[in-house]
Amino acid sequence: MRYRVVFDPAADADLAELYDYIAPKAGRAIARRYINELVGHCAAFETFPARGTRHDEFGAGIRVVGFKRKASIVFRIDADLVTIMRILHRGQSLGGGHDIEDDEF
């Protein structure tokens, strides 16, 4: 079974914010490449989305999976749809607030 993967507007905003964070530090080409890899990783959920760890404390069926030990992908599976809800990078939390560390990308 193939699942359809969609990005919630909040996840799209997270990607834009992440690009804006990386580009001044590492350059636009590296920022673009990283974002493209992250989006590609999410797109791969179409074949096996039931990965990561369930976190029902954030909502029914919420799952979180890491990406390159620098980002957390927050998503939900509903029938044949995978919704990428948030992309949290280096210290951001679902508990409110953006605690991005000031370390190098």
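Residues numbered from 1 in each chain as written. Predicted model: local features only at pLDDT ≥ 70, side-chain atom pairs only at ≥ 80, totals over all residues. Heavy atoms only, no water.

A closer look at the overall build of the protein chain
Inference 1: The helix and strand tally for the protein chain stands at two helices and five strands.
Inference 2: Mapped from its N terminus to its C terminus, the protein chain presents α and β elements in the order β-α-α-β-β-β-β.
Inference 3: The buried share among the 105 residues of the protein chain stands at 31%.
Inference 4: For the protein chain, contacts bridging at least 24 residues in sequence account for 48% of all contacts bridging at least 6.
Inference 5: Put simply, the protein chain shows about 6000 Å² of open surface, and 51% of that area lies on carbon and sulfur atoms. (Helix = DSSP H or I, 4+ residues; strand = E, 2+ residues; numbered from the N terminus. Buried < 20%, exposed > 50% of the residue type's maximum accessible area, 1.4 Å probe, protein only. Contact = heavy atoms within 4.5 Å. Areas by Shrake-Rupley, 256 points an atom, 1.4 Å probe, with all protein chains shown as cover.)

A short note on the pairing of strand β5 (residues 81–89)
Inference 1: Judged by how many residues are buried, β5 sits mostly within the fold: seven of nine residues are covered.
Inference 2: When strand β1 (residues 4–7) meets β5, the two strands line up parallel, connected through four bridges. Its bridge partner lying in β5, Val6 is registered against Thr83.
Inference 3: As judged from the eight bridges shared by strand β4 (residues 71–78) and β5, these two strands associate in the antiparallel manner. In the sheet register, Val74 faces β5, and the bridge partner there is Arg86. (Pairing = 2+ DSSP bridges.)

Things to note about the pattern of salt bridges
Inference 1: For the structure shown, the criterion picks out four salt bridges.
Inference 2: Among the salt bridges present, the one from Lys68 reaches Glu37, with a minimum N-O distance of 2.3 Å. A residue pair is termed long-range when its members are at least 10 positions apart, and Lys68 in the loop between β3 (62–67) and β4 and Glu37 in helix α2 (residues 28–43) qualify at 31 residues.
Inference 3: With relative accessibility at 33%, the residue Glu37 sits in the partly exposed group. (Salt bridge = Lys/Arg side-chain N within 4 Å of Asp/Glu carboxyl O.)

Quick word on α2
Inference 1: Here α2 spans 22 Å end to end across 16 residues, near enough to the 22 Å set by a 1.5 Å rise per residue.
Inference 2: Within α2, burial applies to Ala31, Tyr34, Ile35, Leu38 and Cys42. What you see down the axis of α2 is that its buried residues fit within an arc of 95°, all on one side.
Inference 3: Elements that come into contact with the buried residues of α2 comprise β1, α1 (9–26), β3, β4 and β5. (Expected span 1.5 Å × (residues − 1). Arc of directions from axis to C-beta.)

Side note on the packing of aromatic side chains
Inference 1: The final tally for this structure, using the stated rule, is two aromatic pairs.
Inference 2: Measuring from centroid to centroid gives 4.7 Å for Phe45 and Phe75, while their planes differ by 55°, and the two rings are tilted. Remark: Phe75 occurs in strand β4 and Phe45 occurs in the loop between α2 and β2 (53–54); sequence separation between them is 30 residues. (Phe/Tyr/Trp six-rings, centres within 6.5 Å; stacked < 30°, edge-to-face > 60°.)

Some words on the sheet that holds β4
Inference 1: Judged by pairing direction, the sheet is mixed, and its five strands sit side by side in the order β1-β5-β4-β3-β2 without closing on themselves. Edge strands, defined here as strands with exactly one partner in the open sheet, are β1 and β2.
Inference 2: The sheet contacts of α1 involve β1 and β5, and relative to β5 the element is tilted by about 35°. (Axes fitted to C-alpha atoms, helices over the stretch in contact; angles between N-to-C directions.)

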